[in-house]
Amino acid sequence: MLNRARTINKTLSLLSTSKRTFTKTSLNYNTAAAAAAIVPPTVNNNDSSTTDPSLMPNGQDPVEFALNLSTPYNKWTKPQLRRIYNTPLLNLIHYAQLQHRKWHDPTKVQLCTLMNIKTGGCTEDCKYCSQSYTNNPDLTPASRLVPIDDVLKEAKEAKLNGSTRFCMGAAWRDMKGRKNGLKRISEMISKVNSMGLETCVTLGMVNEEQAKELHNCGLTAYNHNIDTSREHYKKIISTRTYDERLSTIKNVQNAGIKACTGGILGLGESEEDHIGFLYTLSTMSPHPESLPINRLIAIKGTLLEKEMSENPQNFKKLQFDDILKTIATARITMPQSIIRLAAGRYTMKEHEQFLCFLSGVNAIFTGKKMLTTMCTGWDEDKAMLSKWGLEPMQSFSYEAKNTKKVEAAGC
């Protein structure tokens, strides 16, 4: 009986110790010990038979390699990205959350509001866009650039509702021959900045001189999406090349402006196109400061919606898992980037958005409208984020680990 009592007491003591250890580990979710416990094992590089192109040159698993980075890495290969992307989803999201907590404040989310400052009449033939001249012009009638006072009114409302970055979009192919328009937009940027809001614009293609002018007026970021993979791109757009998009991104980065570039999921692309999309972004130097992920809203009257409705068998249907895998792989491979849920978020249920945040999202568009599609409102978003313990990033002050601050000039 005495021995039995000793055995029971010893067991209870072990259970008590285990409970304390579990609690401590749970509270320190982002520790190196936690990461070491779940990352894939390193492959023995001494084995000359190891020729798997999905591994790093030293034979290391790419997830393990990424989680141990102290500075961003931009020499990813498609096989390495494919290996990460195809990690079992539960593990993939866990790795992404570890990476997110290593590089970002997990309590902060960037709230962005977007205003369409010039609608319709765009000479690009993007099949998904209701502002393209190739689609029904009645979808989004062409307009002139809005007055500056209208912009300031919208920016003031956005700030009062908690937004910290104010974005302005104009439906133009490029800024060629638009000196007066650029001057007016520069004034918008300067005045919105003076309200304590970061600024972002999307104006189509810009050259080096135009990018420098925007930087001199204090522009925080320039949005120019690559949309999809290089391979799938030509099925969606023909009036602007993939390399022209990349040139604009490099022009704004060289001017000292943060690059905001991402794409649209649901254009009928394949899993391999998701890999290609991530490959383009993750091999940029530097990586995008922010990476918007849009979920296609097939607007009736656009060429893409017409093709999808008439020949659905020709288009791969986007699964929600595809969105999570794309976000998580982006977070693991581009750890400093702010990943933003953009157009189409309003179609997601709250638990789906929650999973996107677990996968590495830390920014959203919120407010009245997303150019030509719906947007979840401020009140609904603030209630949701408060429930999750998240609060807005502060304008001009948030930085991921090892980020060099870019000083903005004023007009």
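Computed from a predicted model, the values in this text were never measured in an experiment. (Residues numbered from 1 in each chain as written. Predicted model: local features only at pLDDT ≥ 70, side-chain atom pairs only at ≥ 80, totals over all residues. Heavy atoms only, no water.)

**Some points on the overall build of the protein**
Working step 1: Scanning the protein for helices and strands turns up 15 helices and twelve strands.
Working step 2: The proportion of buried residues among the 411 residues of the protein is 52%.
Working step 3: Across the protein, every contact between residues at least 6 apart in sequence was considered, and the portion connecting residues at least 24 apart equals 75%.
Working step 4: Entry remark: accessible area of the protein is about 19,500 Å², with carbon and sulfur atoms responsible for 54%. (Helix = DSSP H or I, 4+ residues; strand = E, 2+ residues; numbered from the N terminus. Buried < 20%, exposed > 50% of the residue type's maximum accessible area, 1.4 Å probe, protein only. Contact = heavy atoms within 4.5 Å. Areas by Shrake-Rupley, 256 points an atom, 1.4 Å probe, with all protein chains shown as cover.)

**Concerning the confidence of the model for the protein**
Working step 1: Within the protein, residue pLDDT values average 87, and 85% of them lie at 70 or more.
Working step 2: Every residue in residues 10–33 scores below 50 in pLDDT, and together they form eight contacts with partners more than four places removed in sequence or on other chains.
Working step 3: The low-confidence segment residues 404–410 (pLDDT under 50) makes eleven contacts with residues lying over four places distant or belonging to another chain. (pLDDT = per-residue confidence, 0-100.)

**Considerations on the environment of Val 252**
Working step 1: Within the secondary structure, Val 252 is located in helix α10 (residues 242–254).
Working step 2: Sequence separation of Val 252 and Val 206 is 46 residues, and the distance between their C-alpha atoms is 7.9 Å.
Working step 3: When neighbours within four sequence positions are excluded, Val 252 is seen to be in contact with Val 206, Ala 211, Tyr 222, Ile 257 and Ala 259.

**Here's the deal with helix α8 (residues 208–216)**
Working step 1: Listing the buried residues of α8 in full gives Gln 210, Ala 211, Leu 214 and His 215. Mapping the buried residues of α8 onto a view down its axis gives an arc of 140°, with all of them on the same face.
Working step 2: Buried residues along α8 sit against α7 (179–193), β4 (221–223) and α10.
Working step 3: For α8, the N-terminal cap is Asn 207; the gap from its side-chain oxygen to the backbone nitrogen of Glu 209 is 3.2 Å.
Working step 4: Directly after α8, the chain includes Gly 218, whose backbone phi takes a positive value near 95°. (Arc of directions from axis to C-beta. Polar contact = N/O pair within 3.5 Å; in protein donor to acceptor, adjacent residues only side chain to side chain.)

**Quick notes on the packing of helix α6 (residues 148–160) against α7**
Working step 1: α7 packs onto α6 with a crossing angle of 30° between their chain directions and a minimal axis gap of 10 Å. Comparing their axes, α7 and α6 come out roughly parallel. Relative to α7, the crossing made by α6 is right-handed. Where α6 approaches α7, its residues Ile 148, Val 151, Leu 152 and Ala 155 are matched on the opposing element by Arg 184, Glu 187, Met 188, Lys 191 and Val 192.
Working step 2: Residue classes in the contact of α6 with α7 are distributed as six nonpolar, no polar and three charged. (Axes fitted to C-alpha atoms, helices over the stretch in contact; angles between N-to-C directions. Parallel < 35°, antiparallel > 145°, perpendicular 65-115°, else oblique. Left-handed = near helix turned anticlockwise from the far one by under 90°. Nonpolar A, V, L, I, M, F, W, Y, C, P; charged D, E, K, R; others polar.)

**As for unusual backbone geometry**
Working step 1: Here the amide bond leading from Ser 285 into Pro 286 is cis, since omega sits at 5°, within 30 degrees of zero.
Working step 2: Mapped onto the fold, Pro 286 is located in the loop between α11 (271–282) and β7 (290–295).
Working step 3: In this structure, Asp 227 takes a positive phi of about 75° despite not being glycine.
Working step 4: Of note, Asp 227 is situated in the loop between β4 and α9 (230–233).
Working step 5: According to the relative accessible area criterion, Asp 227 is buried, its value standing at 3%.
Working step 6: One non-glycine residue, Phe 396, adopts positive backbone phi at about 65°.
Working step 7: With respect to the helices and strands, the residue Phe 396 is situated in the segment after β12 (391–392).

**Some thoughts on the packing of aromatic side chains**
Working step 1: Here the structure, examined in full by the defined rule, presents six aromatic pairs.
Working step 2: Between Phe 65 and Tyr 73, the ring centres sit 4.9 Å apart and the planes meet at 75°, which makes this aromatic pair edge-to-face.
Working step 3: According to the relative accessible area criterion, Phe 65 is buried, its value standing at 18%.
Working step 4: Judged by centre distance (5.2 Å) and plane angle (70°), the rings of Tyr 233 and Tyr 242 are edge-to-face. This pair shows no difference in class: Tyr 233 is buried, exactly as Tyr 242 is.
Working step 5: Three or more aromatic residues joined by ring pairs make a cluster, and in this case those are Phe 65, Tyr 73 and Trp 76.
Working step 6: Over the ring of Phe 365 we find Arg 340, and its NZ or CZ is 5.5 Å from the ring centre. (Phe/Tyr/Trp six-rings, centres within 6.5 Å; stacked < 30°, edge-to-face > 60°. Lys NZ or Arg CZ within 6 Å of the ring centre and 35° of its normal.)

**Let's talk about the pairing of strand β1 (residues 108–118)**
Working step 1: In terms of residue burial, β1 counts as a mostly covered element, since eleven of its eleven residues are buried.
Working step 2: As defined by bridge partners, β1 adjoins β12 across two bridges and the pair is classed as parallel. Counted as the bridge partner of Val 109 is Pro 392 from β12.
Working step 3: As paired elements, β1 and strand β9 (residues 363–365) share three bridges and run parallel to each other. From the neighbouring strand, Leu 111 faces β9, where its bridge partner is Ile 364.
Working step 4: Where β1 meets strand β2 (residues 165–170), six bridges bridge the pair, whose relative direction is parallel. Paired with Leu 114 across the two strands is Cys 167, which belongs to β2. (Pairing = 2+ DSSP bridges.)

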